[in-house]
Structures are given as C-alpha cells and as structure tokens.
Amino acid sequence: MKKILLAGSTGYLGKYIVEELLVRKMDFKAIVRNPQKLKGLGLTSSQIIEAQVTDRTSLSGCCDGIDTIISTVGITRQKDGLTYMDVDYQANKNLLDEAIKSGVRKFVYISVLHSERLTHLKICQAKERFVRELQDAGLEYCIIRPSGFFSDIKEFYEMAKKGRAYLFGDGNKKVNPIHGADLAKICVDAIFQEEKDVEVGGPDVFSHREITEIAFEAFQKKIKITYIPNWIRLLMLRIAPVFLSNASFGPVEFFLNVMAMDMDAEKYGNRTLEAYFQKLRKKETFS
Ligand SMILES: NC(=O)c1ccc[n+]([C@@H]2O[C@H](COP(=O)([O-])OP(=O)(O)OC[C@H]3O[C@@H](n4cnc5c(N)ncnc54)[C@H](OP(=O)(O)O)[C@@H]3O)[C@@H](O)[C@H]2O)c1
C-alpha cells in the first residue's frame, strides 16, 4: 500500500485530510510541531512525527519509505513572526528536499486560486516560488489551487452576528467557497491522478452580497451592509505597510486584494454554505 506523509495536518484543511485518509484506511503519517493538536482525531502515536518543517535538520529521514507527500503547510492566521517566504516557500522546500533525497514518487501541494497571477503579493510570491521548485524537481506533482475555504468565509458569519457587514465595492465580486471535507477528497484523489494543476471551488458561486445575505439568514436578522468604496481599500493597502510588520502585512495585503477579485473556480463537492452557517449557529445556540 502507498505510504503517505501529510504535512499541515493540524490546520483546517489538514484535519479533514486526516479524516479522509482514515476513512479510506490509507497508510499515512502526519508531521506536526504540536502533537496535542491532533488529539481526538484517531491517530496512533506511531502515525505522528514531531518535527519543525521550518528546520530542515529536524526533517531528516521523515520521507523514508514514503510514496506521496501532501502539504497544506502555509501561514493563514499563525502569529509566529515568520514570513510567507519562511513557511509557504522554505518549509515546503525543506520537505521537497527530503522527498527528493528519499526517492518519494509524488508531491501534492495546496496553493491558492490565481496565485500564479498574483505574484506581486507576498503570499503568492512565496507559493509560486515553491511551485517552480516543485515543477523542476523531477518527481510527480499536483498543485491544487482552491478558492476560499469555509473557515475563511466564516468572517461573513461573524459580521452578521455583530449585526452589520462591511463589503468592498458593490459586493458583486464572486467566489465559490469550498468545505474542507470536500477539498480533502480532491487532495487525496490527487495521489492517484495525473492532473498537475487543479483549480477548484465549492458547489455554489455567490457574490459577496449573497454570502452576507445567507449569513444574516442564519441569525434571522435584518440585513445591514455598509459598502466601502474602492478608494478606501486602495488607501488601506498604501497605509498598512507603514504600521504593520512584514509578517503582519502579508495576510492583510492578500485579503484586501482578493476581496476585489472574482475567486470562482471549477465547482466541486456538495457541502453548502447555508448548511455550514446554520450548523455554526446551532452549535453556538446549544453551547
Ligand atoms: N483558508 C483559505 O481560505 C485558503 C484558501 C485557499 C488556499 N489556502 C491555502 O491552503 C493551505 C491550508 O490552509 P488552512 O486554512 O488549512 O490553513 P491552517 O488552518 O492555518 O493550517 C496551516 C497548516 O500549516 C502549519 N504551519 C503554519 N505555519 C507553520 C510553521 N511556522 N511551522 C510549522 N507548521 C506551520 C500549521 O501548523 P500549526 O497548526 O502548528 O500552526 C497548519 O498545520 C494554506 O497554504 C493556505 O494558504 C487557504
């Protein structure tokens, strides 16, 4: 049986990939910096490798006997003071170097939709630098480029909870967000498929305004939206780097840019945003 090494298993998507690998009864190990974060997922201690992906020496031998690596490693909300170059590029490069050393067959890497067109943004610059290394490495690979995850779209839900949503422009930009469980299936399928570049989103394309409406519906509240003119967004992009460190500016830069773009890709999966928001609401009501 093919042996899989999963890096990034403690994140939103990573945990769903763990579940998918377990459901399919696949032979895998998860590489983590904090094993506590995997508690309750049903892994045995022999399935966990404790290491720092940002430190190449700690990875030595981690790929021995491995057929495929899946990496979701990247900065989203982490506040370690590291940059995208340290993590999205260098940590994945460290894994790739180990993979090459151990003769790993395939590397499945999770990037972000339209990253190759957005290399002026720090996050995409780092991700695409890694993509180029991967393409030149000589092993089989698959780059998965998803639209927004449900975990990120939760911000709309949080705004609705507070009673007012703030949208950039006219709120008409489009996105088809995807649930982690639906995306996890694609990531695991990629082990066996030949496609090298996969752009993917969830089953429904929404405008930002429509997502806001669904979020307010979950609370059965009157919809209140403030539209922020584009010039303010551009001003924020100019001002933010003056006040924020390099590491803190990256996520802000990415957010302010993708909120002004259509981020819809090929539709996949069947989990809906309506059900996700309703579930969040139910959980909060009964907790
Ligand atoms: N969220 C979205 O909407 C979205 C959309 C498209 C693409 N993506 C990309 O998809 C990937 C996964 O996203 P996600 O939402 O699942 O992210 P996440 O929940 O933040 O998980 C990221 C994973 O990377 C690990 N990581 C981050 N910094 C690290 C560091 N310095 N050292 C070691 N490990 C580190 C995290 O480990 P810890 O748990 O220990 O921090 C975690 O396992 C990311 O590359 C992201 O850019 C995300």
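Rules and cut-offs
- Each chain has its residues counted from 1, running along the sequence as written.
- Reporting in this predicted model follows two pLDDT cut-offs: at least 70 for local features of residues, and 80 or more for side-chain atom pairs to be given and counted; totals over whole chains, interfaces and linings ignore these cut-offs and use all residues.
- Think of the side-chain values as coming from all heavy atoms in the structure, minus any hydrogens and water.
- Here, patches come from residues exposed beyond 30% relative accessible area and free of salt bridges, joined within 9 Å for like charges and within 5 Å for nonpolar side chains (Val, Leu, Ile, Met, Phe, Trp, Tyr).
- Accessibility throughout is a Shrake-Rupley quantity obtained with a 1.4 Å probe, and a residue counts as covered only by protein chains that appear here.
- By definition here, a salt bridge exists when the distance from a side-chain nitrogen of Lys or Arg to a carboxyl oxygen of Asp or Glu is within 4 Å.
- Secondary structure counts use DSSP, requiring at least four H or I residues in a row for a helix and at least two E residues in a row for a strand, with both numbered from the N terminus.
- The charge count treats Lys and Arg as positive and Asp and Glu as negative. His and the chain ends do not count.
- Charge positions are represented by NZ for Lys, CZ for Arg, CG for Asp and CD for Glu.
- Buried residues are those whose accessible area, probed at 1.4 Å on protein chains only, stays under 20% of the maximum for their type, while exposed residues exceed 50% and partly exposed ones sit between those limits.
- Definition of nearness: a residue and a molecule or strand are near each other if at least one heavy atom of the residue lies within 4 Å of the molecule or strand.
- By the criterion applied in these results, polar contacts are pairs of N or O atoms within 3.5 Å in which, for protein atoms, one can donate a hydrogen and the other can accept it, and in which residues neighboring in sequence qualify only through two side-chain atoms.
- Any residue that is not Ala, Val, Leu, Ile, Met, Phe, Trp, Tyr, Cys, Pro, Asp, Glu, Lys or Arg is counted as polar, Gly included; the first ten are nonpolar and the last four charged.
- Two strands form a pair only when DSSP identifies at least two bridges running between them.
- Axis lines are fitted to C-alpha atoms, over the contacting stretch for helices. Their N-to-C directions set the angle, which ranges from 0 to 180 degrees.
- Here, residues are in contact when the closest pair of their heavy atoms is within 4.5 Å.
- Between 30 and 60 degrees the pair is tilted, below 30 it is stacked and above 60 it is edge-to-face, where a pair is any two Phe, Tyr or Trp rings, Trp via its six-membered ring, whose centres lie within 6.5 Å.
- Any angle that is under 35 degrees is reported as roughly parallel, and any over 145 degrees as roughly antiparallel; angles of 65 to 115 degrees are reported as roughly perpendicular and all others as oblique.
- Crossing chirality is assigned from the near helix's rotation relative to the far helix, an anticlockwise turn below a right angle marking it left-handed and a clockwise turn marking it right-handed.
- One less than the residue count of a helix, multiplied by 1.5 Å, gives the span that helix is expected to have.

A.B. asks: Account for a nonpolar patch on the surface, naming residues and giving values.
C.D. replies: Together, Trp 231, Leu 235, Ile 239, Val 242, Phe 243 and Leu 244 make up an exposed nonpolar region whose accessible area comes to about 660 Å². Take Leu 235: it is sitting in helix α7 (residues 230–243).

A.B. asks: Report on a positive patch on the surface, specifying residues and quantitative values.
C.D. replies: The grouping of Arg 164, Lys 221, Lys 222 and Lys 224 at the surface amounts to a positive patch. Tracing the sequence through the fold places Arg 164 in the loop between α4 (150–162) and β7 (165–168). Arg 164 gets classed as partly exposed once you look at its relative accessible area, which sits at 33%.

A.B. asks: Just give me the short version of the site of the ligand, but keep the residues and values in it.
C.D. replies: Near the ligand there are 26 residues, and of these Thr 10, Tyr 12, Arg 33, Thr 76 and Lys 127 occur at the shortest range. With respect to the ligand, the side chain of Gln 78 contributes an N or O atom lying 2.9 Å from an oxygen atom. Lys 127 places a side-chain nitrogen or oxygen 2.8 Å from an oxygen atom of the ligand. Burial of the ligand by the surrounding chains reaches 93%, relative to a free accessible area of 890 Å². For the shell around the ligand, the per-class residue count stands at ten nonpolar, eleven polar and five charged.

A.B. asks: Pulling in residues and values, what's your account of unusual backbone geometry?
C.D. replies: Positive phi is not limited to glycine here, since Lys 25 has a value of about 55 degrees. Following the sequence through the fold, Lys 25 ends up in the loop between α1 (12–23) and β2 (27–32). Backbone geometry places Gln 220, a non-glycine residue, at a positive phi of 50 degrees. Assessed through its relative accessible area of 75%, Gln 220 is described here as exposed.

A.B. asks: Describe the sheet that holds β2, and please don't skip the residues or the numbers.
C.D. replies: Strand order across the open sheet formed by seven strands is β3-β2-β1-β4-β5-β6-β9, with parallel pairing between neighbours. Here the strands that pair on one side only, and so sit at the sheet edges, are β3 (48–50) and β9 (197–200). Averaged over neighbouring strand pairs, the angle between their axes works out to 20 degrees when direction is ignored. When strand β5 (residues 106–110) meets strand β6 (residues 140–146), the two strands line up parallel, connected through five bridges. Residue pairing across strands places Ile 110 opposite Ile 144, the latter belonging to β6. Across the sheet, α1 is in contact with β1 (3–7), β2, β4 (68–71) and β5; its angle to β1 comes to roughly 160 degrees. The sheet strands contacting helix α2 (residues 84–102) are β1, β4 and β5, and the helix crosses β5 at an angle near 170 degrees.

A.B. asks: An account of the packing of aromatic side chains is needed here, citing residue identities and associated values.
C.D. replies: Counted according to the given criterion, the structure contains nine aromatic pairs. Both rings, one in Phe 150 and one in Tyr 276, keep their centres 5.0 Å apart while their planes meet at 50 degrees; by these two values the pair is tilted. One end of the pair, Phe 150, is in helix α4; the other, Tyr 276, is in helix α9 (residues 273–286), and 126 residues separate them in sequence. Its relative accessible area of 1% is what places Phe 150 among the buried residues. Tyr 276 sits in the buried class, given a relative accessible area of 15%. Between Tyr 276 and Phe 277 the ring centres are 6.1 Å apart and the planes differ by 45 degrees, which places this aromatic pair in the tilted class. Taken as a pair, Tyr 276 and Phe 277 share a single burial class, namely buried.

A.B. asks: Explain the packing of α2 against helix α3 (residues 122–136) to me, and be specific about the residues and the numbers.
C.D. replies: It is the contact of α2 with α3, at a shortest axis distance of 8 Å, that shows an interaxial angle of 15 degrees. Considered as vectors, α2 and α3 are oriented roughly parallel to each other. Considering only the axes of α2 and α3, their crossing is right-handed. Contacts between α2 and α3 involve Tyr 84, Met 85, Asp 88, Tyr 89, Asn 92, Lys 93 and Leu 96 on the former and, on the latter, Lys 122, Ile 123, Gln 125, Ala 126, Lys 127, Arg 129, Phe 130, Glu 133 and Leu 134.

A.B. asks: Account for α3, naming residues and giving values.
C.D. replies: Since there are 3.6 residues in each turn of an α-helix, residues three or four apart along the chain are aligned in direction. Helix length check: α3 (15 residues) gives 22 Å between terminal C-alpha atoms against 21 Å at 1.5 Å per residue, within 8%. By the burial criterion, the buried members of α3 are Ile 123, Cys 124, Ala 126, Lys 127, Glu 128, Phe 130, Val 131 and Leu 134. Tucked inside the fold, the buried residues of α3 contact α2, β5, β6 and α8 (246–258). Positive phi appears at Gly 138, one or two residues downstream of α3, with a value of about 95 degrees.

The values reported here are purely geometric and, on their own, carry no functional implication.
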